[in-house]
Number of protein chains: 2
Amino acid sequence: MTGPPIKLTQTVQKGGCAAKVSAQALREILRNVRFPNPAESFLPNSLLVDGRHFDDASVHRLTAELAVVTTLDFFTPIVDSPRIFGAIAAANALSDVYAMGGRPLSALAILAFPVASFENATVEDVMQGACDTLSRARATLSGGHSIDDDTLKFGLSVTGLVHPDHIWTNTGARSGDVLILTKPLGTGTLTAALKRGAVSEADIQPALESMMKLNNAIDALEHAQVKSAVHSATDITGFGLAGHAMQMAKASCVDFEFQFSQLPVFSQTREFLREGFLTKAHRTNREYTDKSTNWNAIEDADRLIAYDPQTSGGLLLAVEASQAEAVLRALRSDFPNAAIVGEVRSRSRETSFVNFN
Amino acid sequence: MTGPPIKLTQTVQKGGCAAKVSAQALREILRNVRFPNPAESFLPNSLLVDGRHFDDASVHRLTAELAVVTTLDFFTPIVDSPRIFGAIAAANALSDVYAMGGRPLSALAILAFPVASFENATVEDVMQGACDTLSRARATLSGGHSIDDDTLKFGLSVTGLVHPDHIWTNTGARSGDVLILTKPLGTGTLTAALKRGAVSEADIQPALESMMKLNNAIDALEHAQVKSAVHSATDITGFGLAGHAMQMAKASCVDFEFQFSQLPVFSQTREFLREGFLTKAHRTNREYTDKSTNWNAIEDADRLIAYDPQTSGGLLLAVEASQAEAVLRALRSDFPNAAIVGEVRSRSRETSFVNFN
């Protein structure tokens, strides 16, 4: 033994989603870039889904029955235990494939760490956590790239498959659909409290387990023969429920009505938000969504729940109303906190709104 | 204008391949990791090529006629101009797909940079350089991930396609084959000289152009109907000619005989190596290959050419001898420095050797 185990969150300034470049900064940078023209690619017209509607991954059609889903995600530690960090990072990266209605096939590791100062066992544990998660997802780890860097970063580039006629995009939510959220909210404030030493990993165990959980809803939905009831899906990550709901509502040209009291939250979420365990994203997510949200008698402090940046958060599904209860039953075995949280309405104005009631 | 343009190589300690975690360190870390079992993946037996033989990318079979190639590569700046850096990083990442006999379909960007201190124009130029290269490769840029970080890193995760019966792996070189190298050697020492201010980018223009050049040999070889003459291929990158040749010889269970005088090198390569513009990789590549190489009357100083770590280096092809001249002719229009540099022999001992004569 060589002293107490390393606490990963203490090795970085900004953890997880907080290190992500903001949507606005990125838009500024990419505004003038001339992207390759998909129509001139060697498989013209194969690009079915790109980043335009903030979908979680891109999709290219290969044959009439087969499309390939690609996504990548990596970040700095948001928890202290290397194995839990690796498991969360993998579940978070795989989630984008599940959110498109696909299944992950393979992954490549993205790894950066200080070679001289980190013990091999730390990096080994990160990799093992990711491999355990990939095994559960029945995906391979077929390679990767690693560099010597000042701080640990880890993530995966994931390749998945989906039938081109059954892609869950952000654009498919229809008026009358029921909104279902599969995981509780609050990982942003809970991991902020962990980083500042206010709680231990044991104190926030339900949130850690939730972040390690695969967003594999598709197996249960297929088994219950209700998969086709899902019209649209996204996963809730850095932009919080408000941000991702806004993107989905806009992409689908509809309004979303949330019943605030129905939102699943971790038991300590409200307490920690009130105590001020916040990240920069709590502010930027509010700014990002301010013009597209209405709050009906929801206290300011509670609104932070919808701004809380999630890591490996749940799926938000827009589901055919008549099958919503059947979908919820199918989900509950894997996602005991899954809940009906609102509904989809026709747009009341020229632009989409997300209403919290 | 806000002062002189930023010199990217001065913003990082270690540039390009020098920042890569060494093969040995990585092996140590991965030794005990329990990887997902491909036989238990949701497409069992689809994994045709993984990292075991140091192939450049992994390959999964999707149908009898279609396999998907995945690879990822990213690094810190090795040149000063953002646009050239982006173009080189893209060509380098795409190269792994070409080295498997595949064609790139799409890419995701891997981007890290100091948001507060970098001008948007710098990052925009990096992205534009990559997009220009992707356009030439007829591939799409369909997304990516960016984080706020202390130093600039950029690269791509690339998805390509290949016919499962026509994959170029490291294992296919046969006794009697002729070895062809498509690009000159020396980018390691030339970019080391650039980083230390001994030369300007204009002084090493041929090397920059070579690194930006796509390793797309396949179009020319298909056009000349000699593609099937290629039995095995790899691209020469961080481990240098000696390292990648050793990996290919071992994977194919053969010896390689190089005619040292036939190796294409940039005009300043020998001069800069003698002047001591070296990287850590010159030493680690020698150590990595020491037990598997023989040097017949090659001066110590010259051997550094084979240890020189390449960024976006050429393809090393093992080609059916009777078609070697036809392959060379087909390559020369795009790769004027392509040369026959040696041949493949039966193994003379229990393990493979790379001989430089």
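Conventions used here
Residues numbered from 1 in each chain as written. Chains lettered and ligands numbered in written order. Predicted model: local features only at pLDDT ≥ 70, side-chain atom pairs only at ≥ 80, totals over all residues. Heavy atoms only, no water. Salt bridge = Lys/Arg side-chain N within 4 Å of Asp/Glu carboxyl O. Helix = DSSP H or I, 4+ residues; strand = E, 2+ residues; numbered from the N terminus. Buried < 20%, exposed > 50% of the residue type's maximum accessible area, 1.4 Å probe, protein only. Pairing = 2+ DSSP bridges. Axes fitted to C-alpha atoms, helices over the stretch in contact; angles between N-to-C directions. Contact = heavy atoms within 4.5 Å. Buried area = accessible area lost by both parts, 1.4 Å probe. Polar contact = N/O pair within 3.5 Å; in protein donor to acceptor, adjacent residues only side chain to side chain. Nonpolar A, V, L, I, M, F, W, Y, C, P; charged D, E, K, R; others polar. Least-squares fit on C-alpha atoms with pLDDT ≥ 70 in both. Domains from an automatic or database assignment. Right-handed = clockwise from strand over helix to strand, strands pointing away. 1 Å grid on protein atoms, 1.4 Å probe; cavity = no way out; pocket = protein on both sides within 12 Å on 5 of 7 lines; lining within 4 Å. Points joined across faces, edges and corners; volume = space filled by probe spheres on them. Expected span 1.5 Å × (residues − 1).

Peer 1: Please clarify how the pattern of salt bridges should be interpreted in this entry.
Peer 2: Two side chains bearing opposite charge may form a pair once their charged atoms approach each other closely. Per the counting criterion, the structure on display carries 28 salt bridges over all chains. B:Arg83 is the partner of B:Asp132 in a salt bridge, and the nearest nitrogen-oxygen pair spans 3.8 Å. Pair noted here: B:Asp132 is in helix α3 (residues 120–136) and B:Arg83 is in helix α2 (residues 82–98), with a separation of 49 residues, a long-range link. The partly exposed category is assigned to B:Asp132, whose relative accessible area is 31%. For B:Arg83, a relative accessible area of 37% puts it in the partly exposed group. Taking the shortest distance from any N to any O, the salt bridge between B:Glu257 and B:Arg345 comes out at 3.7 Å. Pair noted here: B:Glu257 is in strand β9 (residues 254–258) and B:Arg345 is in strand β12 (residues 339–346), with a separation of 88 residues, a long-range link. Three or more residues joined by partner-sharing salt bridges are found here, namely A:Arg103, A:Asp219, A:Glu222 and A:Lys227.

Peer 1: Would you mind going over the sheet that holds strand β12 (residues 339–346) of chain A with me for this structure?
Peer 2: Paired through their backbone hydrogen bonds, the strands of a sheet run either parallel or antiparallel. Residues and elements named next belong to chain A. The strand order across the open sheet built from seven strands is β8-β11-β7-β12-β9-β13-β10, with neighbouring strands paired in mixed fashion. Of all strands in the sheet, those bounded by a partner on one side alone are β8 (230–235) and β10 (293–295). Between one strand axis and the next, the sheet turns through 20 degrees on average, direction left out of account. Relative to β12, strand β9 (residues 254–258) runs antiparallel, the two sharing five bridges. In the strand pairing of β12, phenylalanine 258 is matched with glycine 342.

Peer 1: Whenever I open this one, the interface of chain A and chain B confuses me. Can you help?
Peer 2: Reports of interface size often rely on the accessible area that becomes lost once the parts have come together. Residue-level contacts link 69 residues of chain A with 69 residues of chain B. When chain A packs against chain B, the two sides together hide about 6,100 Å² of surface, and 67% of this comes from carbon and sulfur. If you look at where chain A meets chain B, you find two salt bridges. Applying the counting rule to chain A against chain B returns 15 residue pairs in polar contact (both at pLDDT 80 or more). Listing elements by their share of the side of chain A that touches chain B, those giving two or more residues are α1 (23–30), β2 (58–63), β3 (66–75), β4 (103–113), α3 (120–136), β5 (140–148) and β6 (153–162) of chain A. Ranked by the residues each element gives to the side of chain A that touches chain B, the list is headed by β4(A), at nine residues. Tallied by class, residues from the side of chain A that touches chain B come to 33 nonpolar, 21 polar and 15 charged.

Peer 1: Any chance you could explain the relation of the copies chain A and chain B here in plain terms?
Peer 2: These two copies of the chain differ by a rotation about an axis and a displacement along the same axis. By a simple turn and slide, chain A fits onto chain B: the slide is 0.0 Å along the axis, the RMSD is 0.0 Å, and the turn is 180 degrees. What the superposition gives is, in effect, a two-fold axis relating one chain to the other. Considering only C-alpha atoms, the part of chain A nearest the rotation axis is A:Ser157, at 3.4 Å. Residue by residue, 100% of the interface of chain A is reproduced at the interface of chain B, so both copies engage with the same surface.

Peer 1: Looking at this model, I keep getting lost on the domain arrangement of chain A. Mind explaining?
Peer 2: Residues and elements named next belong to chain A. When cut into domains, chain A gives domain 1 (8–34 + 43–166) and domain 2 (178–356). Here the C-alpha centre of domain 2 lies 20 Å away from the C-alpha centre of domain 1. Across the contact, 31 residues belong to domain 1 and 28 residues belong to domain 2. Counting the surface lost from both domain 1 and domain 2, the interface buries some 2,700 Å², and carbon and sulfur atoms represent 57% of this. The interface formed by domain 1 and domain 2 contains two salt bridges. Among the ionic pairs, arginine 103 bridges to glutamate 222, the shortest N-O distance being 3.0 Å. Linking domain 1 to domain 2 there are 10 residue pairs in polar contact (both at pLDDT 80 or more). Elements with a minimum of two residues in the side of domain 1 that touches domain 2: α2 (82–98) and α3. For the side of domain 1 that touches domain 2, the element with the most residues is α2, which contributes nine residues. Tallied by class, the residues present in the side of domain 1 that touches domain 2 amount to 15 nonpolar, 11 polar and five charged.

Peer 1: Explanation requested: the pairing of strand β4 (residues 103–113) of chain B in the structure shown.
Peer 2: On a regular strand, one side chain projects to one face of the sheet and the next to the other, so that they alternate. Residue and element names in this part refer to chain B. Counted residue by residue, β4 has 10 buried out of 11 residues, so it is predominantly covered. By the bridge criterion, nine bridges tie β4 to strand β6 (residues 153–162) in an arrangement that is antiparallel. Counterpart to serine 106 in the pairing with β6 is threonine 159. Pairing of β4 with strand β5 (residues 140–148) involves eight bridges; the strand directions are parallel. Its bridge partner being in β5, isoleucine 110 is matched across the sheet by histidine 145. Tracing the backbone out of β4, into α3 and back to the parallel element β5 gives a crossover that is right-handed.

Peer 1: Please clarify how empty space enclosed by the protein should be interpreted in this entry.
Peer 2: Unfilled space is identified by rolling a water-sized probe across the atoms. Counted by the stated rule, this structure contains one cavity of 30 Å³ or more. In this structure, the largest cavity spans a volume of roughly 70 Å³. In terms of lining residues, the largest cavity is bounded by A:Phe74, A:Ile110, A:Leu111, A:Ala112, A:Ile147, A:Asp149, A:Lys153, B:Phe74, B:Ile110, B:Ala112, B:Ile147 and B:Lys153. Those elements giving two or more residues to the lining of the largest cavity turn out to be β4 of chain A together with β4 of chain B. Here the element with the most residues in the lining of the largest cavity is β4(A); it accounts for three residues. Here the lining of the largest cavity is built from residues that sort into nine nonpolar, no polar and three charged.

Peer 1: Which parts of the structure should I look at to understand helix α7 (residues 240–252) of chain A?
Peer 2: In an α-helix, one full turn covers 3.6 residues, which means residues spaced three or four apart are oriented alike. Residue and element names in this part refer to chain A. Given a rise of 1.5 Å per residue, 13 residues ought to cover 18 Å, and the 18 Å separating the end C-alpha atoms of α7 matches this to within 8%. Among the 13 residues in α7, 12 count as buried, and that is most of the element. Among the residues of α7, those classed as buried are Gly240, Leu241, Ala242, Gly243, His244, Ala245, Met246, Gln247, Met248, Ala249, Ala251 and Ser252. Count one or two residues on from α7 and you reach cysteine 253, which has phi positive near 55 degrees.

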